[in-house]
Amino acid sequence: MTPVTAADTPDIRQRTTGLGGVWRVALRRSAGLYVLPLMLVLEAINALSRDRDWATEFSGTLNWSGSALILAAPLIAGAAAAESVTLRRHGAAELLGVPQARRQRFHAMRVAATALWCTLGHLLGTGLCLGFYLADHGWSLAQAPDPTLVPVLPSLALIWTATALGSLVGWARPEMLTPLLVAAGFYAVWLLLVLNGGEHLAMTSGTAATPIGFRVRSSLIAWQVIWFGSLAFAGTVWHVRPRGPARTAIASMTVLLVLGSGSVLWSLDSDVSEPDPGARARWICQGERPQVCVTSEFAAQLSSFDQAVRPVAIALARLGKDAPLRVEQRIDQQYQTPRAMPVALTARRDTELQQVTYNALLWASGCDDTKLDLDTEAWLNTEIKLAGWLTGEYAGDAAGAEEVRTAGPEQARRWLDQMRSCS
Amino acid sequence: MDASDEPRAVTPRVVVDRVTHRYRGGTVALDDVKAQWPHGTIALLGPNGAGKSTLLRILVGDLTATSGRIAFPTGVGGHDDEGGRSGLGYLPQKASWPGHFSVEEFAFYFCWVHGVPKRQRASRTAEVIEAVDLGRHAKVKLAALSGGQHRRAMLTQALVGDPAVLVLDEPTAGFDPGQRILFRELVGRLGTDRTIILSTHLIEDVESLATWVTVLDQGTVAFDGAITEFAPLGEGTRSGSSLLEKAYLNVLGVRS
């Protein structure tokens with residue numbers, strides 16, 4: 001090879017100056033860049049799934065967005081492990097040499113670069129979900145009682161945790177199978193958490209379901225961020241300082257983690273419990289006898305709710321049952337208002353008319369279908385026939401279908417009386 | 001001859017002071033090794049298992065000696081973030097890096113890893129790439145380089161800190177003759193203003209580069225002295241094709 005002279009390389013300085021800094025190199029050559037397309041696909045599938053019925057509430061939308069990480073986080077950990085394995089097998093440990101500062105810089109930036117790409121992927125997914133929410137709510141946040149993005153924090157902490165731990169394990173065990181085992185192990189941890197009552201930690205956004213819908217839980221957010229953040233920190237520290245004082249630091253941090261989690265768990269219980277959801281709910285109503293009401297979070301659905309339940313309530317009146325003064329969204333197992341007919345949580349005529357009707361009939365009969373004194377099967381068959389007569393959609397056998405089709409109002413009233421005989 | 005027993009005329013750059021190293025299980029890799037290396041290119045010779053790599057790992061700090069120490073009386077060079085000099089350049093035997101980095105990205109990245117001040121990184125990157133004759137390949141991915149080019153690219157990371165002491169562990173192993181010649185020329189140029197400690201199995205490397213030779217055998221020093229003292233040891237020996245080969249065999253043979 002001909003030796004290269006200065007004349008051959010007039011632009012090297014210019015080119016290296018134009019690299020734009022070490023962050024640019026680190027990001028361009030990070031494993032996260034390869035994970036990003038996969039994450040975007042997962043996030044898009046998550047956002048486009050379930051007919052967007054998750055986009056009814058702002059915090060519920062964030063919760064749904066976070067759920068994408070149940071699948072993605074183990075893959076992120078596996079990719080971070082793969083990067084570590086690749087570097088280690090290439091001899092990166094030897095090239096880095098001994099000074100701790102070099103290793104700390106190298107590992108910290110590597111973890112950060114991977115996590116940043118994955119964070120970007122998740123934020124784009126969250127943006128897509130919120131876009132659907134806004135599209136369904138007239139591009140306005142007016143119906144979101146608490147439009148905060150704070151619940152996203154646990155998701156981001158989880159991404160950093162997955163990256164740090166995957167990177168650590170891959171570096172410590174530079175075998176070809178390690179990334180696969182890391183991802184599989186992560187899924188197993190999810191499963192164990194859920195099976196052993198750790199579903200709050202396994203939730204990937206700081207929201208929780210309540211009787212009146214999804215709500216931001218400050219305790220849950222704090223707990224998750226403490227857990228995931230501590231794991232991410234411990235993983236990174238262990239990675240860059242495998243000997244000496246790092247172990248003491250990690251041990252101290254573990255104690256703090258347990259104490260911090262304990263205190264948050266103490267408050268989590270009161271934060272999650274909902275002593276009087278009916279009293280908290282802000283009702284929005286329309287119409288007279290029955291007055292149809294939903295909580296403020298469901299204001300956009302009031303009309304469809306009204307269309308779904310009003311005919312049933314009026315039909316009940318034709319059967320001799322006084323039309324209810326009020327029909328309200330059921331937000332608990334308890335009746336909220338005297339003489340109110342509580343029906344399904346949400347009411348969409350196309351999917352939940354039957355459920356609305358069953359709830360209405362249960363209310364009209366005054367029975368508790370879990371504590372019937374008479375033949376339960378016979379009572380339920382009667383309920384199904386009456387519901388079929390009211391809605392025109394019978395869900396029973398062929399003989400019953402003929403009976404429902406030919407029944408008049410008198411027969412329907414008799415069915416209702418049979419149902420009332422439970423008590 | 002154990003040169004460490006004799007006074008040196010010049011200040012040594014590296015002093016290996018009675019270094020002993022035992023691995024777990026009791027294997028003694030180095031046994032009371034003493035040497036004093038002056039400025040120049042030091043060839044560390046010895047058969048497999050003689051303790052060369054162990055000594056180099058202790059030298060660069062990757063291993064801690066069971067007893068004894070290695071000192072650098074005149075410092076080791078290298079720039080850190082504070083503008084001071086620290087660290088030494090090291091090209092390990094198994095040096096490699098994922099192939100999706102380009103040569104300049106690799107060198108630039110290691111400027112940062114080694115703590116080269118931010119304002120100097122770009123110029124240092126250009127300098128080391130030029131120093132290893134890879135200017136035309138600065139934008140080329142590591143995976144696309146030939147074996148010799150890749151080895152030179154790996155050498156850039158050892159040079160970015162401008163070390164006064166450069167440690168090369170069998171840098172030409174696996175090269176074809178042409179690549180070996182080019183790499184030797186490169187090491188020769190790099191050795192003009194720094195001390196190079198070169199572990200090798202190849203007598204040709206010693207012949208063309210070394211100013212000083214240390215032979216290790218079974219964890220002890222079999223020879224430590226100037227090349228001019230080493231070569232005459234081959235005279236009168238029948239085995240070996242060159243004077244240095246004869247000297248090498250003679251040193252090992254005398255001991256056995």
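Just so it is clear, the model here is predicted, and its values are computed rather than measured.

Chemist: Would you mind showing me how to read the overall build of chain A here?
Modeler: Counting secondary structure elements, chain A contains 17 helices and six strands. When contacts within chain A are restricted to residue pairs at least 6 apart in sequence, long-range pairs at least 24 apart make up 68% of them. Surface accessibility of chain A: about 19,900 Å² in total, with carbon and sulfur atoms responsible for 61%.

Chemist: Got a minute to help me understand the sheet that holds strand β8 (residues 212-217) of chain B in this structure?
Modeler: Backbone hydrogen bonds are what pair the strands of a sheet, in a parallel or an antiparallel way. Residue and element names in this part refer to chain B. Taken in spatial order, the six strands make up an open sheet running β5-β6-β7-β3-β8-β9, and their pairing is mixed. Of all strands in the sheet, those bounded by a partner on one side alone are β5 (89-91) and β9 (220-226). Adjacent strand axes in the sheet meet at a mean angle of 15°, parallel and antiparallel pairs treated alike. Strand direction decides the pairing type here: β8 and β9, joined by six bridges, are antiparallel. When the bridges of β9 are listed, W212 appears paired with A226.

Chemist: Hey, could you run me through the side chain of S155 of chain A in this one?
Modeler: Residues and elements named next belong to chain A. Here S155 is to be found in helix α7 (residues 152-172). For S155, a relative accessible area of 1% gives the class buried. Not counting residues up to four positions away in its chain, the partners in contact with S155 are G66, L69, H122, T204 and S205.

Chemist: Is there a simple way to explain the interface of chain B and chain A in this structure?
Modeler: Where the parts come together, the accessible area they lose is often given as the size of the interface. In this assembly, 44 residues from chain B lie in contact with 31 residues from chain A. Between chain B and chain A, roughly 3,600 Å² of surface is buried when both sides are summed, and carbon and sulfur atoms account for 64% of that area. Here chain B is connected to chain A by two salt bridges. One salt bridge in this structure joins E105 of chain B and R29 of chain A, with 2.7 Å as the shortest N-O distance. Connecting chain B to chain A are four residue pairs in polar contact (both at pLDDT 80 or more).

Chemist: How do you make sense of the pattern of salt bridges when you look at a structure like this?
Modeler: One side chain can pair with another of opposite charge once the charged atoms of both are near each other. Taken as a whole and judged by the stated rule, the model has 16 salt bridges over all chains. Between E105 of chain B and R28 of chain A there is a salt bridge, with its nearest N and O atoms 3.2 Å apart. With E105 of chain B in helix α2 (residues 103-113) and R28 of chain A in helix α2 (residues 22-28), this pair bridges two chains. Taking relative accessible area as the criterion, E105 of chain B reaches 1% and is therefore assigned buried. Residue K139 of chain B is joined to E104 of chain B by a salt bridge in which the shortest nitrogen-to-oxygen separation is 2.8 Å. You can see K139 of chain B sitting in the loop between α3 (118-131) and α4 (147-159) and its partner E104 of chain B sitting in helix α2, a full 35 residues away along the chain.

Chemist: What's the story with the pairing of strand β4 (residues 291-295) of chain A in this structure? I'm lost.
Modeler: In summary, the side chains of a regular strand alternate between the two faces of the sheet. All names here are of chain A. Among the five residues in β4, four count as buried, and that is most of the element. Both strand β3 (residues 283-286) and β4 contribute to a ladder of four bridges, which runs antiparallel. Residue pairing in the sheet places W283 in a bridge with T295 of β4. The hairpin formed by β3 and β4 contains four residues between the paired strands, and G287 there has a positive phi angle of roughly 80°.

Chemist: It is not clear to me how the sheet that holds strand β4 (residues 67-71) of chain B should be interpreted in this structure. Could you clarify?
Modeler: All names here are of chain B. Read across the open sheet, the three strands follow the order β2-β1-β4; overall the sheet is antiparallel. With one partner strand each, in any of the chains shown, β2 (28-37) and β4 form the two edges of the open sheet. For this sheet, the mean angle separating the axes of adjacent strands, direction not counted, is 15°. Bridging between strand β1 (residues 14-22) and β2 involves six bridges; their strand directions are antiparallel. Following the sheet pairing, V14 is matched in β2 by W37.

Chemist: Help me out: how do you make sense of helix α5 (residues 177-190) of chain B in this one?
Modeler: In an α-helix, one full turn covers 3.6 residues, which means residues spaced three or four apart are oriented alike. Residue and element names in this part refer to chain B. Helix length check: α5, at 14 residues, gives a terminal C-alpha distance of 20 Å against a target of 20 Å (1.5 Å per residue), a fit within 8%. For α5, the set of buried residues is R180, F183, R184, L186, V187 and L190. Buried positions in α5, seen along its axis, are confined to an arc of 160° and lie on one side of it. On its buried face, α5 is in contact with β5, α3, α4, β6 (165-169), β7 (195-199) and α6 (203-209). For α5, the side-chain oxygen to backbone nitrogen distance between the N-cap and G178 is 3.1 Å, and the N-cap itself is D176.

Chemist: Would you explain the packing of aromatic side chains in this entry?
Modeler: Within a pair of aromatic rings, the relevant descriptors are the distance that separates the centres and the angle that separates the planes. Evaluation of the coordinates by the stated rule reveals 17 aromatic pairs over all chains. Ring plane angle 70° and centroid distance 6.3 Å describe the contact between F106 of chain A and Y109 of chain B, whose orientation is recorded as edge-to-face. Within this pair, whereas F106 of chain A is found in helix α6 (residues 100-136), its partner Y109 of chain B is found in helix α2, the two belonging to separate chains. Assigned by exposure class, F106 of chain A and Y109 of chain B land together as buried.

Chemist: Would you mind showing me how to read the environment of D193 of chain B here?
Modeler: Residue and element names in this part refer to chain B. With respect to the secondary-structure elements, D193 resides in the loop between α5 and β7. When its relative accessible area of 55% is taken as the criterion, D193 is described as exposed. Placed 29 residues apart in sequence, D193 and A164 show a C-alpha to C-alpha distance of 7.7 Å.

Chemist: It is not clear to me how the pairing of β7 of chain B should be interpreted in this structure. Could you clarify?
Modeler: All names here are of chain B. Among the five residues of β7, five are classified as buried, and the element is accordingly described as predominantly covered. Covered by surrounding structure in β7 are T195, I197 and S199 together with I196 and L198, the residues of both alternating faces. By the bridge criterion, four bridges tie strand β3 (residues 41-45) to β7 in an arrangement that is parallel. Within the sheet, the bridge partner assigned to L44 lies in β7 and is S199. Sheet analysis places β6 next to β7, joined by five bridges and oriented parallel. Residue pairing for β7: L166 is matched across the bridge by I196.

What counts, and at which threshold
- Numbers given for residues are sequential positions, taken from 1 along each chain in its written order.
- Written order determines the labels here, with chains lettered from A and ligands numbered from 1.
- Totals for whole chains, interfaces and linings use all residues, but because this is a predicted model, local features are given only for residues with pLDDT of at least 70 and pairs of side-chain atoms are given and counted only at 80 or more.
- Hydrogens and water molecules were not included; the side-chain quantities draw on all heavy atoms of the structure.
- For helices the rule is a DSSP run of H or I covering at least 4 residues; for strands it is a run of E covering at least 2, with both sets numbered from the N terminus onward.
- The criterion used for residue contact is that any of the two residues' heavy atoms lie within 4.5 Å.
- Using a 1.4 Å probe, accessible areas were evaluated by the Shrake-Rupley method; residue-level cover was limited to the displayed protein chains.
- The rule for pairing is simple: two strands pair if DSSP sees at least two bridges between them.
- Fitting a line to C-alpha atoms yields each axis, with helices limited to the stretch in contact; the angle taken between N-to-C directions then spans 0 to 180 degrees.
- Three exposure classes are used, based on accessible area relative to the maximum for each residue type with a 1.4 Å probe and protein chains only: buried under 20%, partly exposed in between, and exposed over 50%.
- Two parts placed together each lose some accessible area under a 1.4 Å probe, and adding up what both lose gives the buried area.
- Salt bridges are defined by distance alone: a side-chain nitrogen of Lys or Arg within 4 Å of a carboxyl oxygen of Asp or Glu.
- Here a polar contact is recorded for every N or O atom pair within 3.5 Å, except that within protein the pair must consist of a potential hydrogen donor and a potential acceptor, and residues adjacent in sequence are included only if both atoms are side-chain atoms.
- Multiply 1.5 Å by the residue count of a helix minus one, and that product is the helix's expected span.
- As used here, the arc is the angular range of directions from the helix axis to the C-beta atoms.
- Aromatic pairing here means that ring centres of Phe, Tyr or Trp (its six-membered ring) are within 6.5 Å. Orientation follows from the plane angle: under 30 degrees is stacked, over 60 is edge-to-face, and everything else is tilted.

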